[in-house]
Amino acid sequence: MTSGMEIDEENNNNESKGGMWDLEQKLDQPMDEEAGRLRNMYREKKFSTLLLLRLAYQSLGVVYGDLGTSPLYVYNNTFPHGIDDPEDVIGALSLIIYSLTLIPLLKYVFIVCRANDNGQGGTFALYSLLCRHAKINTIPNQHRTDEELTTYSRSTFHEHSFAAKTKRWLEAYPFRKNALLILVVVGTCMVIGDGILTPAISVLSASGGIKVDHPKMSNDVVVVVAVIILVGLFSLQHYGTDRVGWLFAPVVLLWFLLVGGIGIYNIWKYDSSVLRAFSPVYIYRYFRRGKREGWTSLGGIMLSITGTEALFADLAHFPLSAIQLAFTVVCFPCLLLAYSGQAAYLMQNTDHVVDAFYRSIPESIYWPVFVIATLAAIVASQATISATFSIIKQALALGCFPRVKVVHTSKKFLGQIYIPDINWILMVLCIAVTAGFKNQSQIGNAYGTAVVIVMLVTTLLMTLIMLLVWHCHWAVVLIFTVLSLVVECTYFSAVLFKLDQGGWVPLVIAAAFLLIMYVWHYGTVKRYEFEMHSKVSMAWILGLGPSLGLVRVPGIGLVYTELASGVPHIFSHFITNLPAIHSVMVFVCVKYLPVYTVPEDERFLVKRIGPKNFHMFRCVARYGYKDLHKKDDDFEKKLFDNLFMFVRLESMMDGCSDSDEYSLYGQQTQHSRDNGSSSTANIELSYSSMDSIAPVKSHPHRNNTITSSGHESGQTEVDEMEFLNSCRDTGVVHILGNTVIRARRESRFYKKLAIDYIYAFLRKICRENSVIFNIPHESLLNVGQIFYV
């Protein structure tokens, strides 16, 4: 018999060659080609004019709420100490006009939004694209069969191209992979910071309208009103946006029309000469006059493009053409008119800059506009909070966030989720920021810092996307990167001047979340690497015999493991300490792939481990970062359906082979390589003939062996399906590993701090696996073990 080491080495080699594959894909290739053609037609179809207009209208409420409420507080944060020269208003307006043109319009709407992952946007979508085009995933649980998924779309490039050189450079050292992951996590943490700061500044700015009509009112009253609105906003999150979402689009559309109309009125009434701000000459004059103060005021100008990152993150809800139409036809012109109208008012009322928005509203419509402004601020806050939930779910799928409860609030839209723990943390931090600063200026400084860092991260990721995915010429990539960095680094340098005036807040919040996310990911990787190195060899399993050296009791045991290959160490730990094991053992691996979704008919991969009379199987359930993972009765039913289908297919394919050798798990015999192309039409199951057991002729050590069912394994007439069904009816036991990892004694102090304290604390407060898998206590068996990493 081959030694365990040799078997494991061959196992790894064969798995790298593709030990598993989708039977439907291999046996029914024409159907896949047709499906791919239909999918491409669907993606490229032209929307009718009426449908496009309707989708563009609906996108206003979801995508543009945050960007649309910026006129509430931009001028206040740009001139926190008042306006010395009316010409400065023209310069600030010119900066706002070109900021809106360069960043949201040109960069995001027409370039960045095209870098989507099958319609999904955000930093994790960009990272998923990169993970498919280069081997940069830090958890090595990917398999070649994953690349054959219909949603695992990627392009190829020439071996000597610049893209290939970039790919090899990224893959060369683990440090570069980790650096890229940290970059993505930093961007994610800043988006979480946006989820805290957007409600704070939007609601506080909208509530400030009360004080304009009642000048003697204390600022504390405005803060109390804002806090009450925030508490109500976060308390209603568990209902989801589906029930109130129908209000979003009309509120935001009415808001844009109002601010645009008020802008036209103010330009006509006060000073139409502000339109000369469309000339960039006034930007130069503004900086020449203001010098250092003019430069630092860019932190306030920056707030005019806040919400742009949410535009990309919320891309999944609507087609790109609808989002482009809504921005170019409604948002962009209305925002330009709103800022121009406020500038025209300020030209003659420079002392009203603190409340520029509300002061510029005609008195006859003041209170209706105040109500709409408050509703628009709530919509903007809702969209940002929902985006925060979504990005945390993506981080959870990537193994970068502790296990938290995820509630799906809508049966129609799987993207609408609610995370209770995060919701209350956001509420507490948001109220702390609002009550702590009590003014828009310092919150605005914090907000600008978070937004500009997210934009810098997006630019760096887009550089890699343009090289590896789009295969752009390096000169085009260089032009895009340099122009983007010049603009964004200019804003970033201005934001740095205000770190002591509130700009430190998002950095502290991001640092806390970065520590949590990176330490959790580090612990996850270390645990996975240890399990990979300590997995049980098949030689040891085979040496135990069909009964595995124990009493085989009726029933099915589901052993949950993170390993997609090999027998986990928890199994040997279990059978070493217990005298009995179930008649059928299924090793279940749930893993997430860098794709937005995995189709239902491609979700499960089933393999047999060892000879048939061992009754041991592996089932790998694959999910995308947007998929709804139902780890309950529905999941268990689908698992068994695929297992039974595998057994039926295997018995059908047994007649195609006359080999008297069986192949181990992941080990491919020469005969299976020759006969692996046997076809069976229209079978929808992930199945591997290379890893299945070929019909076995007489073997001395396998005759007359008694299994737990009381039947002789040598009797080939025994119906395995009947046996599996009887075991299932007897009962299913879920076996979970309660693994504790600790740093070795000789480890450095920072590793001990990360593993023994921070990771251990996070693991203690996060949700248990049994809760995540929704396993009833009466059928749960926890197996504890300690790993020293």
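These remarks concern the structure in this document. Treat the numbers as computed from the prediction; the structure is a model and nothing was measured. (Residues numbered from 1 in each chain as written. Predicted model: local features only at pLDDT ≥ 70, side-chain atom pairs only at ≥ 80, totals over all residues. Heavy atoms only, no water.)

So, a nonpolar patch on the surface
1) Next: A surface patch of nonpolar side chains, amounting to about 490 Å² of accessible area, comprises F162, W474, L478, V482 and V486.
2) Next: For the nonpolar patch, the leading source of residues is helix 22 (residues 474-496), giving 4 residues.
3) Next: Mapping W474 onto the fold places it in helix 22.
4) Next: A relative accessible area of 47% means that W474 is categorised as partly exposed. (Patch = residues over 30% accessible without salt bridge, like charges linked within 9 Å, V, L, I, M, F, W, Y side chains within 5 Å. Areas by Shrake-Rupley, 256 points an atom, 1.4 Å probe, with all protein chains shown as cover. Salt bridge = Lys/Arg side-chain N within 4 Å of Asp/Glu carboxyl O. Helix = DSSP H or I, 4+ residues; strand = E, 2+ residues; numbered from the N terminus. Buried < 20%, exposed > 50% of the residue type's maximum accessible area, 1.4 Å probe, protein only.)

Concerning the pattern of salt bridges
1) Next: For the structure on display, the rule yields 8 salt bridges.
2) Next: D88 is the partner of R289 in a salt bridge, and the nearest nitrogen-oxygen pair spans 3.0 Å. Taken together, the positions of R289 in helix 14 (residues 281-296) and D88 in helix 7 (residues 86-109) put the pair 201 residues apart, joining distant regions of the chain.
3) Next: We classify R289 as partly exposed; its relative accessible area is 35%.
4) Next: Since its relative accessible area comes to 14%, D88 is described here as buried.

Side note on the pairing of strand 3 (residues 551-560)
Regular strands place their side chains on alternate faces of the sheet.
1) Next: The buried count for strand 3 comes to 7 of 10 residues, which makes it a mostly enclosed element.
2) Next: Sheet topology places strand 3 next to strand 4 (residues 580-592); 8 bridges connect them, and they run parallel. Opposite R552, over in strand 4, you have I581 as the bridge partner. (Pairing = 2+ DSSP bridges.)

What about empty space enclosed by the protein?
1) Next: Counting across every chain of the model gives 6 cavities of 30 Å³ or more.
2) Next: Computed from the structure, the second largest cavity encloses a volume of approximately 80 Å³.
3) Next: Along the walls of the second largest cavity sit V191, D194, E309, A310, A313, T384, A387 and T388, which together make up its complete lining.
4) Next: Those elements giving two or more residues to the lining of the second largest cavity turn out to be helix 10 (174-207), helix 16 (308-313) and helix 19 (366-397).
5) Next: Within the lining of the second largest cavity, the residues separate by chemical class into 4 nonpolar, 2 polar and 2 charged. (1 Å grid on protein atoms, 1.4 Å probe; cavity = no way out; pocket = protein on both sides within 12 Å on 5 of 7 lines; lining within 4 Å. Points joined across faces, edges and corners; volume = space filled by probe spheres on them. Nonpolar A, V, L, I, M, F, W, Y, C, P; charged D, E, K, R; others polar.)

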